Each structure stands twice: as structure tokens, then as C-alpha cells.
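Given next are the chains, with one letter for each unit.
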Amino acid sequence: MPLWKDGKLGLPVKEAVKLFPELKDYLDERGRLDFSNREARILYNRVIAKALFGLEIEYHSRGLVTPPISRYLFLKTFLKGGEKVLEIGTGHTAMMALMADKLFNCEVTATELDDEFFEYAWRNIERNLARVRLIKSDGGIIRGVVPEDERFDVIFSAPPYYERPTKGVLTEKEGVGGGKYGEAFSVGLIEEARYYLRPGGKVALFLPDKKPLIDVIAEKGEELGYSVRDVKFKVGTRWRHSLVLNKA
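In this text the structure is predicted, and so the values were computed from the model without any measurement. (Residues numbered from 1 in each chain as written. Predicted model: local features only at pLDDT ≥ 70, side-chain atom pairs only at ≥ 80, totals over all residues. Heavy atoms only, no water.)

Colleague: An account of the pattern of salt bridges is requested, with residue identities and associated values reported.
Modeller: As enumerated under the stated definition, the model contains 17 salt bridges in all. Between Glu58 and Arg123 there is a salt bridge; the shortest N-O distance is 3.4 Å. Here Glu58, found in the loop between helix 2 (38-53) and helix 3 (68-76), pairs with Arg123, found in helix 5 (residues 115-127); they are 65 residues apart in sequence, far enough to count as distant. On the accessibility criterion, Glu58 (23% relative accessible area) is partly exposed. Salt-bridge contacts for Glu150 lead to Arg133; the nearest nitrogen and oxygen are separated by 2.8 Å. In this pair, Glu150 sits in the loop between strand 3 (132-136) and strand 4 (152-157) while Arg133 sits in strand 3, placing the two residues 17 residues apart along the sequence. (Salt bridge = Lys/Arg side-chain N within 4 Å of Asp/Glu carboxyl O. Helix = DSSP H or I, 4+ residues; strand = E, 2+ residues; numbered from the N terminus. Buried < 20%, exposed > 50% of the residue type's maximum accessible area, 1.4 Å probe, protein only.)

So this is what it looks like as C-alpha cells:
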């Protein structure tokens, strides 16, 4: 995995511009990239995906601009390599499903609810020649979506976690988790996951730095018999959490 001069996983803007010259259109007079511009963010993250992870990613015009580095660091907190895994809600990029296949040599199944995001995810899987089985969800989380006799070593997700719709950030399907703190989707996921995990299996959730949200999910996990581990990691200036719930 490439490392740059500061020893951190990343790609300086000047290096990104060499790979995608069209990024020049989004630089200010000091050579800084305008990350407030959605197209600039998409181009920069496409470069990151290609240069650091060898992935060709197409982004949907209204989908979340998934940052590859944060997703890779999340996967590193719980994947050893070679596991049979299930991702709930792979999104339009299928970013983590692709990484699990290409970088961790996992046997990957992924689900997606949104019709257009499903098509984009499928195209990203095809263009990267990935061995990912993609399942169209009809609104369920796991039960009724994944065959009942399937069992996995790991079930992971970057779940929706907002309490209510957000303006201009995410689509409602991507963003709204429900519940007092946005925890309802995640709680439903860990409840259903118990029946689809192999003995010793685990659930991993990619979550923001929101203590009430994390606490309520962790508490519910312990009630359900999981042992819970919260791994906090920093990506740029933001803290993220990998909440890992191990089945007894």
C-alpha cells in the first residue's frame, strides 16, 4: 500500500493532479483543492481509489461521495483476510465490497436497496472484475434478503445514522437511521445478524463520532449477548468509529 512522505496513507493534491489533470479546474490560487465542490470531491476520491487501492470507481450524481481511505481503515479494524463476509447497503460505489474482495481476499456478498445505486454498484463490480455477489434488497436488512441458510464470518455496514433527513448531504435512504439518536437501523441489523453469523462471527459498524449513538448501539449489543469493542480512528481531521460486536 503506498505511503507518502509524511508516513500516512494518502495522496497529496499535487500528485492527484498529475493523475487526473482535470482537477486543476478546482484549485485555488494557492494550489488547494476546493472540497466544497462536489465534482472536485468525486474526482479526488476517484484518484485515491485508483492510485492507492487499484480500484476504478464511478460515483452516482446524487450518492454519497465515499472516501476510500476511511473505508479501508475501517475494514482493517476487523478483517484478517479470507473471511466470508456480508455487507449491508454497499451503496452506489460498492467501495467496501470491492476492497474486501481485492485487498482482503474475502468471499463477498453485498446488498443494496436503491435501484439506481444497485446498477452503479453492479457496474463498479464488473469494471473491477471483482468476485462480489450483489443482492437487491426489497427493504429488509438481512432477513428476507439473504438466503436463510447462509452463514458469515463477518457482517459489516456503514449504516444510516441520522435521526431525520439531512439537507443536501445524503439521500434519505443513505442517511436516516431512525430512533432517538439514529440507532434504529443499526439495532435492527445486529438483532438479525445473530442468526446469520457463524460461531465466533462478528458485526462491524462504521459510525461517526457521536457518543449517544454509539452508546445505545453498544448497550443493545451487550443485551443481545455480543462482546463489544469500539475502535476509534482518525481520518484527516475527523474521528470515526468501528463498533465491532463479537458473537459468543
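Next comes the rest of the account.
Colleague: Describe the packing of helix 7 (residues 184-193) against helix 8 (residues 211-223), with residues and values.
Modeller: Between helix 7 and helix 8, whose axes approach to 10 Å, the crossing angle comes to 20°. Taken as axis vectors, helix 7 and helix 8 run roughly parallel relative to one another. In the packing of helix 7 onto helix 8, the handedness of the crossing is right-handed. Residue-level contacts link Ser186, Val187, Ile190 and Glu191 of helix 7 to Ile217, Lys220 and Gly221 of helix 8. Split into classes, the residues belonging to the contact of helix 7 with helix 8 amount to three nonpolar, two polar and two charged. (Axes fitted to C-alpha atoms, helices over the stretch in contact; angles between N-to-C directions. Parallel < 35°, antiparallel > 145°, perpendicular 65-115°, else oblique. Left-handed = near helix turned anticlockwise from the far one by under 90°. Contact = heavy atoms within 4.5 Å. Nonpolar A, V, L, I, M, F, W, Y, C, P; charged D, E, K, R; others polar.)

Colleague: Could you give an account of the packing of helix 2 against helix 3, naming the residues involved and the relevant values?
Modeller: Axis separation between helix 2 and helix 3 bottoms out at 9 Å; the angle between their running directions is 45°. If you check the angle between helix 2 and helix 3, you find them oblique. Here helix 2 contributes Asn45, Ile48, Ala49, Leu52 and Phe53 to the contact with helix 3, which in turn contributes Pro68, Ile69 and Tyr72.

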